2 protein chains.
Amino acid sequence: MSALAILKEKQLTLHHLQHATQYLSWDESVMMPVGGGNARANSLAKLQQIAHNLATSSEIGDLIEAAKEEASSPWDQANLRVIEQNWQRAAVIPDDLVVRMSLATSKCTQVWREKRKENDWVAVVPLLEEVVNLTKERATIISELFNVNLYEALLGGYETGITTDFVDTVFDDLASFLPDFVNEVIERQPAHLPLKGEYSDEDQKQLAEELMLSLGFNFERGRLDTSHHPFSCGERWDTRITTRFGADDFLESMYATLHETGHALYQQGLPAEHANQPVGKSLGMMVHESQSLFMEQQVCRSDGYIKFALPTVKKCLAKEDNEELWSFTNFVRNVRHVDKGKIRVQADECTYPLHVILRYRIEQAFLRGDLKVVDIPDAWNELMHEFFGLNLEGDFTDGCMQDIHWFMGAIGYFPCYTLGAITAAQLYQKYQNTFPAVEADFENGQFDQVLDWLRKNVHSQGQLTPAFERIQEVTDKPLSTAAFKRHVTGRYLDSLLS
Amino acid sequence: MSALAILKEKQLTLHHLQHATQYLSWDESVMMPVGGGNARANSLAKLQQIAHNLATSSEIGDLIEAAKEEASSPWDQANLRVIEQNWQRAAVIPDDLVVRMSLATSKCTQVWREKRKENDWVAVVPLLEEVVNLTKERATIISELFNVNLYEALLGGYETGITTDFVDTVFDDLASFLPDFVNEVIERQPAHLPLKGEYSDEDQKQLAEELMLSLGFNFERGRLDTSHHPFSCGERWDTRITTRFGADDFLESMYATLHETGHALYQQGLPAEHANQPVGKSLGMMVHESQSLFMEQQVCRSDGYIKFALPTVKKCLAKEDNEELWSFTNFVRNVRHVDKGKIRVQADECTYPLHVILRYRIEQAFLRGDLKVVDIPDAWNELMHEFFGLNLEGDFTDGCMQDIHWFMGAIGYFPCYTLGAITAAQLYQKYQNTFPAVEADFENGQFDQVLDWLRKNVHSQGQLTPAFERIQEVTDKPLSTAAFKRHVTGRYLDSLLS
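Parameters at a glance
- Residues numbered from 1 in each chain as written.
- Chains lettered and ligands numbered in written order.
- Predicted model: local features only at pLDDT ≥ 70, side-chain atom pairs only at ≥ 80, totals over all residues.
- Heavy atoms only, no water.
- Helix = DSSP H or I, 4+ residues; strand = E, 2+ residues; numbered from the N terminus.
- Expected span 1.5 Å × (residues − 1).
- Bend = angle between axes of the 7 residues up to and from the residue.
- Buried < 20%, exposed > 50% of the residue type's maximum accessible area, 1.4 Å probe, protein only.
- Contact = heavy atoms within 4.5 Å.
- Polar contact = N/O pair within 3.5 Å; in protein donor to acceptor, adjacent residues only side chain to side chain.
- Buried area = accessible area lost by both parts, 1.4 Å probe.
- Salt bridge = Lys/Arg side-chain N within 4 Å of Asp/Glu carboxyl O.
- Nonpolar A, V, L, I, M, F, W, Y, C, P; charged D, E, K, R; others polar.
- Patch = residues over 30% accessible without salt bridge, like charges linked within 9 Å, V, L, I, M, F, W, Y side chains within 5 Å.
- Areas by Shrake-Rupley, 256 points an atom, 1.4 Å probe, with all protein chains shown as cover.
- Lys, Arg positive; Asp, Glu negative; His and termini not counted.
- Charge placed at Lys NZ, Arg CZ, Asp CG, Glu CD.
- Phe/Tyr/Trp six-rings, centres within 6.5 Å; stacked < 30°, edge-to-face > 60°.
- Lys NZ or Arg CZ within 6 Å of the ring centre and 35° of its normal.
- Pairing = 2+ DSSP bridges.
- Axes fitted to C-alpha atoms, helices over the stretch in contact; angles between N-to-C directions.
- Least-squares fit on C-alpha atoms with pLDDT ≥ 70 in both.
- pLDDT = per-residue confidence, 0-100.
- Parallel < 35°, antiparallel > 145°, perpendicular 65-115°, else oblique.

**Points about helix H8 (residues 164-188) of chain B**
Residues and elements named next belong to chain B.
- Between the first and last C-alpha of H8 there are 35 Å, a value that for 25 residues agrees with the 36 Å anticipated at 1.5 Å per step.
- Of all the bends in H8, the largest measures some 35° and sits at Leu178, one to four residues before the proline Pro179.
- Within the span of H8, buried status applies to Thr164, Val167, Val170, Phe171, Leu174, Leu178, Phe181, Val182 and Val185.
- On its buried face, H8 is in contact with helix H7 (150-158), helix H14 (352-368), helix H16 (415-434) and helix H20 (482-494).

Pasting the structure below:
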């Protein structure tokens, strides 16, 4: 067997182990009764330890060097590039740190899930401290290896090539552009009749499934379920998304589902023939979020899409024939309502980046040691006041406990949402320039062309080229905030419905 | 570290891997979309391979010998006994046979699930042949190791200590007793108004959950779901059962749920402090089936239980106030109706053993090579005709494709159902002799005492003593058909409601 073949065989085993970890984690979030928590945490930690041992065994480095001589196809070469990257990041992490991290994050998310409901911040502090300390330990090791700062060491785990300099450039730009822009939009946006009301879970689920189908979600290779925090996971063959059905706000649930559907379409469109090797998996979370936001924001909040979807929404949900309430104009105003709210996942696309910037600043502070975990709520409230004029004192459930990320150890993840949003805008601008009739297609329920375009340019490419190169190749530009700012300005100011 | 400690550590790792395999298999049956089948099969095969390697690594034999000197507590000694048994059976099986078996059974059950609906026997034949051949290969190796016949080699994997001689003795006795007995019951049983009708899944689920709760099922450590074939799985901390809601026969679903609840109560009652070691797991499938049948047949078809359950059943399901239909007498007659039917899982407790004996004879024939897999339907129909006077020609769905067992490689399992039934009768007889007021307790919804008794005598004992010894200890008798025959005679002939 060649070195390349041996290496691929090992990656296949890793893939099978990741498969197990992934669906067991899905089960933990969606299905598992609370009593199963400890047993699940222990099993997951053991699987991760076995996978880590395999991924970092001493011969891997030599195999990679030898395989470089053998790899001739672009896919094999790219596969080797990804394998080497993963290996470099994994090999420096001691086995016991992997196990401690897995146990700490399982425990912390389980407690978070319970204590969040009770608005009990104090109860999660020691567990979150443990997660933060272990994350720092890991970040320190990686930062020394690549000679980067602690935060960048974490960023690199979510998307290859993101630097804190780039994040700072983007965030400084948006932090200076958005506050005045948001104020202007809020001042000028017309009034709307809220579409809030009582909609049953069954009706909302039917709506969700119909919309997923129309965008191209394949239910023979996927599922929709409910969970506390909407998420997507799984492989191309079995892609699972979750949503939550707000009893009084179906739009939140509907757009959460459309968001996760964007993620799922990416997974379902990965290249079949490479699906079990690293090169056949999705790029990092920046690109993944770009795919969800491409669907949720660019496609599904467009006039064309809303014209298409509204009859289905009415069929599933409208109990009374209130023409004004269910009119296109009122629906658009609901769907594009801009608001300084406290919840990130409920935020509109204009205020959303400010939620991310808030978290970015806090993460950096506690990673640097400038902010104690116990003091996160103070920093949170200060920034919520600065950005949105809100006072959240004493509200942890909808304050710093609203997101699962830190509790599950996903520190450094948040920037990917906003980098994903600017990527989505830049991709969509390119798509619209190529096919100007796009909104007419949406109105007619034609989503094949846009899905084909994403499949060709992003999904089917796996990790053949790294994220920033891919974006440049597809859009002919380096990634920047330009398309995003143009998009929100166009949608929220220039073409205001009045 | 002592040899015993090292051995226990290895068993703990195996336990964590089995945890993963178990819940991934549950997911496969209950949640997974069809497209995920291949990926799941490959992942399960890899996990089983890793577990097999670990379970049979060369130092285990020496560790067991050394640990025998160290084990002093009865639990440690029993743990070693079970570890040694498992190791002996596993160590002789080559690694690649484990993988081939895992892949073949995954594939075969996936195809069976689809093709059963289409009544397509021919499509599963080559896959089942593969499963049978691999099972023979495994059975041959074990039969040589223990110097037993092929069938007994398989039996030993389901319950330690069962011999084909014992099975033959029991089955010959029942095969001579039951046919005339069944004819007499059918002849003498009074008419009843069938409780069949349209009951919604939601109403049936509510009923199922209420009845599970009343028997002591702990929903903080378990779930109820639906699947094609009712089953139970999971550990003491997270015990999952499934049922199916027959649109036109709620009783089938209700008693399937009560059956699986019996299994689940056993799992939930296993000793917490040993739960992650082999000694803390349940005994074999004979005893497991005795626990499900103790609940389903002995407890839940008794007069006392029916008096207790009927108001709940009516509350959940009775749409119209038909006094005669929902009377105690009519309910009892429905619940104890004896019938020569074609479906094992719908069979009453009098005809059930004949369904098992039929399968036992066919399994023995195809294991010996006296019957080709492709010819199973002929043998099936011949025996169905002999036992029940039924002609099933061309009906595979409800004929030899009705059960998942052979397709998933569980050949040699069926006798456990009937051995479980006679065990349940013998245990119940002992319980009733100890607490004669038992039915009055049931009528009052008091199930604590019977659950405590099972917990003390069976559940909490784990594998501290082997099955046959345990039954003898608890009932002061070796296992026999006496209590079962007395039970069915008493319930179905002597105390016939007229």
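Okay, back to it.
**Some points on unusual backbone geometry**
Residues and elements named next belong to chain B.
- Despite not being glycine, Asn119 shows a phi value in the positive range, around 55°.
- The exposure class assigned to Asn119 is partly exposed, which follows from its relative accessible area of 28%.
- Even without being a glycine, Asn147 presents a positive backbone phi close to 55°.
- As for its position among the elements, Asn147 is in the loop between helix H6 (121-146) and H7.
- By relative accessible area, which is 70% here, Asn147 ends up exposed.

**Description of helix H10 (residues 250-268) of chain B**
All names here are of chain B.
- Here H10 spans 26 Å end to end across 19 residues, near enough to the 27 Å set by a 1.5 Å rise per residue.
- Of all 19 residues in H10, 19 are buried, a share of seventy percent or more.
- The residue sitting at the N-terminus of H10 and contributing the capping side-chain oxygen is Asp249; that oxygen lies 3.2 Å from the backbone nitrogen of Leu251.

**Focus on the interface of chain B and chain A**
- Taken together, the contact pairs 32 residues of chain B with 31 residues of chain A.
- When chain B packs against chain A, close to 2,500 Å² is buried across both sides, 64% of that on carbon and sulfur atoms.
- When the area that chain B buries against chain A is broken down by residue, the three leading residues are His16, Met31 and Pro33 of chain B, summing to 20%.
- Here chain B is connected to chain A by two salt bridges.
- Two residues, Asp27 of chain B and Arg240 of chain A, come together in a salt bridge whose shortest N-O distance is 2.8 Å.
- For the pair chain B and chain A, the interface holds 14 residue pairs in polar contact (both at pLDDT 80 or more).
- When residues of the side of chain B that touches chain A are traced back to their parent elements, those giving at least two are helix H1 (3-30), helix H2 (37-55), strand S1 (222-226) and strand S3 (238-243) of chain B.
- By residue class, the composition of the side of chain B that touches chain A is 15 nonpolar, eight polar and nine charged.

**Observations regarding a negative patch on the surface**
- Together, Asp201 and Glu202 of chain A together with Asp201 and Glu202 of chain B line one region of the surface with negative charge.
- Among the secondary structure elements, those contributing two or more residues to the negative patch are helix H9 (201-215) of chain A together with helix H9 (201-215) of chain B.
- The residue Asp201 of chain B is located in helix H9 in this model.

**Concerning the packing of aromatic side chains**
- Tallied over the entire structure, the rule returns 54 aromatic pairs over all chains.
- Aromatic pair Trp121 of chain A and Phe396 of chain A: ring centres 6.4 Å apart, planes at 20°, arrangement stacked. Pair noted here: Trp121 of chain A is in helix H6 (residues 121-146) and Phe396 of chain A is in the loop between helix H15 (376-388) and helix H16 (415-434), with a separation of 275 residues, a long-range link.
- Among the residues examined, Trp121 of chain A registers a relative accessible area of 5% and is labelled buried.
- Here Tyr305 of chain A and Phe447 of chain A contribute two aromatic rings whose centre-to-centre distance is 5.7 Å and whose plane-to-plane angle is 55°, an arrangement assigned as tilted. Taken together, the positions of Tyr305 of chain A in helix H12 (residues 303-317) and Phe447 of chain A in the loop between helix H17 (438-443) and helix H18 (448-457) put the pair 142 residues apart, joining distant regions of the chain.
- Through a chain of ring-to-ring contacts, three or more aromatic side chains come together here, namely Tyr158, Tyr352, Phe366, Trp380, Trp406, Tyr413, Phe414 and Tyr417 of chain A.
- Between Arg236 of chain B and the ring centre of Trp237 of chain B, over which it is positioned, the NZ or CZ distance is 4.6 Å.
- Residue placement shows Lys485 of chain B over the ring face of Phe177 of chain B; its charged tip is 5.5 Å from the ring centre.

**A word on the sheet that holds S1 of chain B**
All names here are of chain B.
- What the three strands build is an open sheet, ordered S1-S3-S2; its pairing is mixed. The open sheet is flanked by S1 and strand S2 (232-235), the only strands paired with a single partner. Mean inter-strand twist for the sheet, computed between neighbouring axes without regard to direction, equals 15°.
- Sheet analysis places S2 next to S3, joined by four bridges and oriented antiparallel. What sits directly across from Gly234, in S3, is Thr239.

**Overview of the relation of the copies chain B and chain A**
- In the superposition of chain B on chain A (RMSD 0.0 Å, axial shift 0.0 Å), the rotation amounts to 180°. Taken together, the rotation and translation relating the two chain copies correspond to the operation of a two-fold axis.
- A shared interface surface links the copies, since 97% of the contact residues of chain B are contact residues in chain A too.

**Looking at the environment of Ser25 of chain B**
- Along the chain, Ser25 of chain B turns up in helix H1.
- In this structure the C-alpha to C-alpha distance between Ser25 of chain B and Ser200 of chain B, which are 175 residues apart in sequence, comes to 28 Å.

**Overview of the confidence of the model for chain A**
- Residues with a pLDDT of 70 or more make up 99% of chain A, whose mean pLDDT is 95.
- Quick note on the complex model: pTM equals 0.93, ipTM equals 0.92.

**Concerning the sheet that holds strand S3 (residues 238-243) of chain A**
All names here are of chain A.
- A sheet is described by the order of its strands in space; here three strands give the open sequence S1-S3-S2, paired in mixed fashion. Of all the strands in the sheet, the pair left with one neighbour each is strand S1 (222-226) and strand S2 (232-235). Across the sheet, the mean angle from the axis of one strand to that of its neighbour is 15°, orientation sign disregarded.
- Looking at chain direction, S1 and S3 are connected through five bridges and run parallel. Its bridge partner being in S3, Thr226 is matched across the sheet by Thr243.

**A closer look at the packing of helix H7 (residues 150-158) of chain A against helix H8 (residues 164-188) of chain A**
All names here are of chain A.
- The geometry of H7 relative to H8 is characterised by a closest axis approach of 9 Å and an angle of 90° between their N-to-C directions. One way to sum up the angle between H7 and H8 is to call them roughly perpendicular. Note on element contacts: H8 touches H7 through Thr164, Asp165 and Val167, opposite Tyr151, Glu152 and Leu155.
- Among the residues making up the contact of H7 with H8, the classes are represented as three nonpolar, one polar and two charged.

**A few points about a nonpolar patch on the surface**
- Together, Val92, Leu145 and Phe146 of chain B line one region of the surface with nonpolar side chains, adding up to about 220 Å² of accessible area.
- Locating Leu145 of chain B in the fold gives a position in helix H6.

**A look at the pattern of salt bridges**
- Scanning the entire structure with this criterion turns up 60 salt bridges over all chains.
- For Arg100 of chain A, the salt bridge identified is with Glu137 of chain A, shortest N-O distance 3.0 Å. Note that Arg100 of chain A is positioned in helix H5 (residues 95-117) and Glu137 of chain A in helix H6, a separation of 37 residues in sequence.
- A salt bridge links Arg361 of chain A to Glu386 of chain A, with the nearest nitrogen and oxygen atoms 3.9 Å apart. Highlighted residues: Arg361 of chain A in helix H14 (residues 352-368) and Glu386 of chain A in helix H15, separated in sequence by 25 residues.
- When its relative accessible area of 54% is taken as the criterion, Glu386 of chain A is described as exposed.
- One salt-bridge network, held together by shared partners, links Asp27 and Arg40 of chain A together with Asp238 and Arg240 of chain B.

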